[in-house]
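Breakdown of the fold
Listed below are the residues making up each chain.
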Amino acid sequence: MSRVYSTKELIQILAEERRACMNGQRLNLAASASGNPVIDLFLKSDGIQKFSAYRDFKAAVHHYQQQHQVSGIVWRQLTLKGKTLRYPAVDDQLVALTHDVEIIKAAKVSILEFWQQVTQGMDLYLSIRLGKDYRQIQPEDVDAIASMTEWVNLLHYRNSQILEIILQLGWGKPEEASYRRGWPASGSEYVHAVPLGQRPIC
């Protein structure tokens with residue numbers, strides 16, 4: 001019986017394949033941008049071929065995941081303002097199995113509690129117009145959005161001058177929730193917490 005690759009191994013395999021595709025070592029020569037030969041003359045075919053090759057490989061890995069029931073969950077740890085949270089998230093290159101979605105749903109309450117603790121005294125902004133703009137909101141607005149979503153995820157950006165904590169409030173399949181790929185069955189709203197008087201940069 002052949003060995004089944006682990007979540008960690010699949011992430012590494014995808015990272016290596018992505019590098020190979022971006023370096024031009026893998027191309028999907030049949031790929032075209034629009035299917036219209038006149039329009040395609042004006043587009044860079046090598047970029048499309050690289051992207052298409054990686055997309056096809058990633059789809060094969062996702063099929064492998066489903067076939068062998070390899071989880072897409074990675075465990076992250078975040079420490080902010082003296083508080084630490086260890087939480088599950090679906091790796092952004094993998095898909096979530098049914099059991100994975102149940103795991104991230106179960107973590108919703110603890111992630112929201114952590115978010116509320118570490119964002120006290122910060123300005124909150126809701127990402128609007130597909131992330132092109134932001135609207136300032138209040139903590140009760142976040143609660144209202146959270147009550148209508150199934151799972152949450154945390155992202156953050158910080159350096160010596162900036163701290164931005166992003167709360168993803170999602171529903172449906174995590175791999176289809178970003179950028180409205182699976183809208184309306186899957187999707188997410190993003191709330192950015194920034195120091196008072198600042199605006200989001202991410």
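Quantities reported herein were computed from a predicted structural model and do not represent experimental measurements. (Residues numbered from 1 in each chain as written. Predicted model: local features only at pLDDT ≥ 70, side-chain atom pairs only at ≥ 80, totals over all residues. Heavy atoms only, no water.)

1. Here we look at the environment of histidine 99
Heads up, the rule is: Going along the chain from the N terminus, every DSSP run of H or I of four or more residues is numbered as a helix, and every run of E of two or more is numbered as a strand. Classification of residues uses two cut-offs on accessible area relative to the type maximum, computed with a 1.4 Å probe and protein chains only: under 20% is buried, over 50% is exposed, and between them is partly exposed.
Positionally, histidine 99 belongs in helix H4 (residues 98-106). Residue histidine 99 is classed as exposed on the basis of its relative accessible area of 55%. Distance from histidine 99 to glycine 72, taken between C-alpha atoms, is 9.8 Å for residues 27 residues apart in sequence.

2. Notes on the sheet that holds strand S7 (residues 187-194)
Adjacent strands of a sheet form backbone hydrogen bonds with each other and so pair up, either parallel or antiparallel. Our working rule: Pairing between two strands requires that DSSP report at least two bridges joining them. Axes here refer to lines fitted to C-alpha atoms; in helices the fit is confined to the stretch in contact. Angles between the N-to-C directions go from 0 to 180 degrees.
Read from one edge of the open sheet, five strands run S4-S3-S7-S6-S5, paired in antiparallel fashion. Pairing within the sheet leaves two strands with one partner each, and these edge strands are strand S4 (133-137) and strand S5 (151-158). Taken pair by pair, the neighbouring strands of this sheet meet at an average axis angle of 30°, ignoring direction. Sheet topology note: the S5/strand S6 (residues 163-171) ladder contains eight bridges and is antiparallel. When the sheet's bridge partners are listed, leucine 155 is paired in S6 with isoleucine 166.

3. Points about the pairing of S4
Pairing of strand S3 (residues 123-128) with S4, which is carried by five bridges, proceeds in the antiparallel orientation. Among the inter-strand pairings, leucine 124 is bridged to a residue of S4, identified as isoleucine 137. Counted between consecutive antiparallel strands, the loop separating S3 from S4 contains four residues, among which arginine 129 sits at a positive phi close to 50°.

4. Some remarks on the environment of isoleucine 145
Inspection of the secondary structure puts isoleucine 145 in helix H6 (residues 139-147). Each C-alpha atom, one on isoleucine 145 and one on leucine 169, is 7.5 Å from the other, the two residues being 24 residues apart in sequence.

5. Quick look at the environment of serine 110
What counts, and what does not: Counting of polar contacts relies on pairs of N or O atoms within 3.5 Å, with two restrictions inside protein: one atom must be capable of donating a hydrogen and the other of accepting it, and residues adjacent in sequence are counted only when both atoms are side-chain atoms.
Tracing the sequence through the fold places serine 110 in helix H5 (residues 108-118). Taking the C-alpha atoms as reference, serine 110 lies 9.9 Å from valine 152; in sequence the two are 42 residues apart. Within the structure, the side chain of serine 110 is placed 3.0 Å from the backbone oxygen of alanine 107, a separation counted as a polar contact.

6. A word on the pattern of salt bridges
Any two side chains of opposite charge can pair, on the condition that their charged atoms come close. Formally: For this document, the term salt bridge refers to a Lys or Arg side-chain nitrogen within 4 Å of an Asp or Glu carboxyl oxygen.
Inspection of the entire model under this criterion finds four salt bridges. In this structure, glutamate 9 and arginine 3 form a salt bridge, with 3.0 Å as the shortest nitrogen-oxygen distance. Taking relative accessible area as the criterion, glutamate 9 reaches 29% and is therefore assigned partly exposed. Given the relative accessible area of 54%, arginine 3 is considered exposed. Two residues, aspartate 133 and arginine 199, come together in a salt bridge whose shortest N-O distance is 3.5 Å.

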